[in-house]
Amino acid sequence: MREKLILEIAKRDGFALTFDDVRLRTSHAEVMPDDINIETKLSRNVDLKIPIVSAAMDTVTEYKLAIELAKLGGIGVIHRSLSIEEQAFHVAKVKHHLNGLIEKPICVYQDEKISSVLSKRESKAYTFHSFPVLNRDNKLVGIVTGNDFDFCDDHSLNINEIMSTQLLTAPEGTTIDDAYRLMCREKKKILPLTNPYDMVVGMYVFSDVRRIKNGSAETYNVDKKGQLRVAAAVGTGEEALERVSRLMDKNIDAIIIDTAHGDSKSVIETLKEIKRNYAIDVVVGNISVGDSARRLIAAGADGIKVGQGPGSICTTRVIAGIGRPQVSAIYDCVKAIGGYSGGIPICADGGIRNSGDISIAIAAGAHSVMMGSMFAGTEEAPGEIVFVDGLQWKSYRGMGSIGAMEKSRGAMERYLQRQRGKNQLIPEGVEGLVSYKGKLADVLFQYVGGLRRGMGYAGAASIEELREKGEFDRITIAGFSESHPHDIKITKDSPNYI
Ligand code: XMP
């Protein structure tokens with residue numbers, strides 16, 4: 001593994017560095033920023049098209065933001081200050097936003113009356129019109145579509161009198177790409193998947209598949225079935241296992257064990273229990289030292305989340321005196337678990353204030369970054385816009401703030417607090433407002449654009465290359481003030497600099 005000189009010196013001399021302590025060095029470049037590949041991984045098996053993850057916070061990630069972020073290539077982590085049912089609902093909203101593979105299509109029987117199917121469709125508020133048709137042995141015998149219903153006046157007929165038996169089917173396991181090719185070639189809009197016994201085990205609908213394949217689907221971060229990817233946060237112990245079981249029913253892509261102290265017995269036991277019972281990637285955090293990373297990997301973690309106290313709303317470092325400047329924390333954890341190639345992915349969580357910090361986090365060894373404050377002001381984040389002094393704001397609060405902990409046991413548990421009542425809580429976060437930033441897509445365009453510029457200057461054609469090649473200079477206070485605009489009164493807002 002290639003060592004980063006400045007971070008090694010800092011480590012040797014017993015001090016730690018963060019974003020504003022360093023700047024990336026430029027290097028010979030052979031690629032243009034727009035041609036750089038920024039695909040990466042959240043965890044062992046969960047890919048990202050952009051290295052961006054949204055924080056599991058009640059003012060940041062619910063289904064609206066998670067859908068938008070996955071469409072732009074990243075992944076959202078649905079927070080856990082929701083009941084198990086509510087959290088599962090948010091996950092399901094993301095997973096069903098694009099119907100890639102419909103796993104359990106609603107089927108009808110060939111001897112059912114048309115009237116009965118139509119009234120079922122109305123009473124259950126189905127928005128679709130096509131159904132696979134089965135015989136009473138549950139074998140596929142036909143398809144009935146919106147056209148078949150529209151051109152039939154006699155609703156007392158049986159379904160088999162209007163269904164089509166000219167079927168296009170494909171075997172279980174057919175991918176969305178193969179389904180699209182097949183449907184285009186055969187000019188069929190419905191593709192049921194069957195098992196060797198002619199039973200229906202899934203279905204693709206052309207309009208959905210086309211929406212995924214075309215449009216801006218290039219940017220979409222989707223799973224193998226064509227559904228948007230999403231992760232969800234859990235805590236520790238029995239409740240966490242109950243959450244995981246419910247989230248698995250909704251096809252969750254990754255579980256995040258979301259605690260302020262990831263290197264603790266309860267976290268490791270919960271991690272082992274999840275890995276024993278489920279085939280799912282588990283990302284564990286938060287930590288800030290290499291030994292913790294090693295312990296979590298040994299216990300089965302598929303990804304590690306690094307960050308103790310760098311967050312914009314965090315007070316852990318001042319309340320508990322604990323934590324580590326983020327760039328050194330990332331570097332130490334990455335080094336501890338085997339360097340820059342083939343290791344378990346690291347997500348750098350918290351403290352990102354500008355797009356340049358994303359480049360720095362990755363050059364220090366992270367595979368992705370998690371952000372809260374950068375997203376809390378977007379249209380898609382939970383909460384309403386508030387007006388203060390004629391300006392637009394949205395609420396943002398730490399999950400260890402009084403407000404968040406009073407609202408949810410999950411937030412209290414994240415900060416290892418069992419007490420009840422405002423006066424007994426020891427907050428490790430604050431509550432406040434962030435300026436309203438408009439649509440996530442516009443905000444992310446700037447962050448990702450800034451990252452691409454950074455990679456271009458550093459001569460890195462991929463995230464892996466930036467992790468390997470990125471080299472830092474340590475800067476002084478003079479260097480810091482030189483980095484920002486100076487000797488000018490700024491008169492016009494810039495979309496990527498406040
Ligand atoms: P940013 O800087 O992106 O940080 O706003 C988001 C991350 O901060 C963590 N977090 C907290 N840390 N007290 C803390 O010490 C808190 O109340 C708190 N709430 C969130 C969390 O890791 C998040 O992703």
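The structure reproduced in this document is the subject of the present report. This one's a predicted model, so the numbers in the text were calculated from it and none came from an experiment.

Some points on the sheet that holds strand E9 (residues 170-171)
Pairing in this open sheet of three strands is mixed, and the strands run E9-E10-E11 from one edge to the other. Unpaired on one side and paired on the other, E9 and strand E11 (200-205) mark the two borders of the sheet. Where E9 lies against strand E10 (residues 190-194), two bridges are found, and the strand directions are parallel. Following the sheet pairing, Pro171 is matched in E10 by Thr194.

Overview of the packing of helix H3 (residues 84-95) against helix H8 (residues 237-249)
A pair of packed helices is captured by two measures, namely the crossing angle of their axes and the spacing between those axes. Between H3 and H8, whose axes approach to 10 Å, the crossing angle comes to 35°. Between H3 and H8 lies a crossing of right-handed hand. For the pair H3 and H8, the contacting residues are Ile84, Glu85, Gln87, Ala88 and Val91 in the first and Glu239, Glu242, Arg243, Arg246 and Leu247 in the second. Residue composition of the contact of H3 with H8, by class: four nonpolar, one polar and five charged.

Points about the site of the ligand
Taken together, 24 residues are adjacent to the ligand, and Cys314, Thr316, Asp349, Tyr396 and Glu428 come closest. A distance of 3.0 Å separates an oxygen atom of the ligand from a polar backbone atom of Ser373. One of the backbone N or O atoms of Met399 is found 2.8 Å from a nitrogen atom in the ligand. Its free accessible area being 520 Å², the ligand has 96% of it covered by the protein chains. The residue makeup of the shell around the ligand, split by class, is nine nonpolar, 12 polar and three charged.

Quick word on the layout of surface pockets
Estimated volume of the largest pocket: approximately 1,200 Å³. Contributing elements (two or more residues each) for the lining of the largest pocket: helix H5 (146-150), E10, E11 and helix H7 (206-213). Ranked by residue count, the leading element in the lining of the largest pocket is H7, at four residues. A per-class count over the lining of the largest pocket returns 15 nonpolar, 13 polar and nine charged.

Observations concerning the sheet that holds strand E15 (residues 303-306)
Strands sit in the order E4-E5-E12-E13-E14-E15-E16-E17 around a closed barrel of eight strands; the barrel is parallel. Each adjacent strand pair in this sheet contributes to an overall mean axis angle of 25°, direction not counted. Pairing of strand E16 (residues 346-349) with strand E17 (residues 368-371), which is carried by three bridges, proceeds in the parallel orientation. Residue pairing across strands places Cys347 opposite Ser368, the latter belonging to E17. Its contacts with the sheet place helix H12 (residues 326-336) against strand E14 (281-287), E15 and E16, and it is angled at close to 165° to E16.

Topic: the environment of Ser266
Its place among the elements puts Ser266 in helix H9 (residues 265-277). Given the relative accessible area of 31%, Ser266 is considered partly exposed. Placed 29 residues apart in sequence, Ser266 and Gly237 show a C-alpha to C-alpha distance of 6.9 Å.

Observations regarding the pairing of strand E5 (residues 75-78)
Side chains Ile75 and Val77 of E5 all project onto a buried face; the interleaved residues Gly76 and Ile78 project onto the opposite face, where all are buried too. Each parallel crossover has a hand, and the one from strand E4 (residues 52-54) via helix H2 (residues 63-71) to E5 is right-handed.

A look at the packing of aromatic side chains
In the structure shown here, the tally under the stated rule is four aromatic pairs. Ring centres of Tyr63 and Phe89 lie 6.1 Å apart, and the angle between their planes is 90°; this geometry places the pair in the edge-to-face category. One end of the pair, Tyr63, is in helix H2; the other, Phe89, is in helix H3, with 26 residues separating them in the sequence. Its relative accessible area of 44% is what places Phe89 among the partly exposed residues. Arg121 extends its terminal NZ or CZ atom over the ring of Phe149, reaching a point 5.8 Å from the ring centre. When the ring centre of Tyr109 is taken as reference, the NZ or CZ atom of Arg136 above it lies at 3.9 Å.

Here's the deal with the pairing of E14
Among the seven residues in E14, seven count as buried, and that is most of the element. Where strand E13 (residues 254-258) and E14 come together, five bridges link them in parallel fashion. Counterpart to Asp258 in the pairing with E14 is Gly285. A crossover links E13 with its parallel partner E14, the connecting element being H9, and its sense is right-handed. Relative to E15, E14 runs parallel, the two being bridged by four bridges. When the sheet's bridge partners are listed, Val284 is paired in E15 with Ile304. Taken together, E14, helix H10 (residues 290-298) and E15 form a β-α-β motif whose crossover is right-handed.

Considerations on a nonpolar patch on the surface
Taken together, the side chains of Val318, Ile319 and Ile426 define a hydrophobic patch exposed on the protein surface, amounting to about 310 Å² of accessible area. Structurally, Ile426 is set in the loop between helix H16 (409-414) and strand E20 (431-435).

Brief notes about empty space enclosed by the protein
Taken as a whole and assessed by the stated rule, the structure comprises two cavities of 30 Å³ or more. Volume-wise, the largest cavity comes out at about 50 Å³. Taken together, Ala56, His79, Arg80, Ser81, Asp258, Met399, Gly410, Ala411 and Arg414 make up the full set of residues lining the largest cavity. Of the residues forming the lining of the largest cavity, the biggest block, three residues, is contributed by H16. Residues belonging to the lining of the largest cavity are distributed by class as follows: three nonpolar, three polar and three charged. Of the pockets and cavities examined, the second largest cavity occupies roughly 30 Å³. Taken together, Ile106, Val108, Val117, Lys120, Arg121, Tyr126 and Phe131 form the lining of the second largest cavity.

The rules behind the values
Residues numbered from 1 in each chain as written. Predicted model: local features only at pLDDT ≥ 70, side-chain atom pairs only at ≥ 80, totals over all residues. Heavy atoms only, no water. Pairing = 2+ DSSP bridges. Helix = DSSP H or I, 4+ residues; strand = E, 2+ residues; numbered from the N terminus. Axes fitted to C-alpha atoms, helices over the stretch in contact; angles between N-to-C directions. Left-handed = near helix turned anticlockwise from the far one by under 90°. Contact = heavy atoms within 4.5 Å. Nonpolar A, V, L, I, M, F, W, Y, C, P; charged D, E, K, R; others polar. Near = heavy atom within 4 Å. Polar contact = N/O pair within 3.5 Å; in protein donor to acceptor, adjacent residues only side chain to side chain. Areas by Shrake-Rupley, 256 points an atom, 1.4 Å probe, with all protein chains shown as cover. 1 Å grid on protein atoms, 1.4 Å probe; cavity = no way out; pocket = protein on both sides within 12 Å on 5 of 7 lines; lining within 4 Å. Points joined across faces, edges and corners; volume = space filled by probe spheres on them. Buried < 20%, exposed > 50% of the residue type's maximum accessible area, 1.4 Å probe, protein only. Right-handed = clockwise from strand over helix to strand, strands pointing away. Phe/Tyr/Trp six-rings, centres within 6.5 Å; stacked < 30°, edge-to-face > 60°. Lys NZ or Arg CZ within 6 Å of the ring centre and 35° of its normal. Patch = residues over 30% accessible without salt bridge, like charges linked within 9 Å, V, L, I, M, F, W, Y side chains within 5 Å. Salt bridge = Lys/Arg side-chain N within 4 Å of Asp/Glu carboxyl O.

As far as function goes, none of this settles anything; it's purely spatial.
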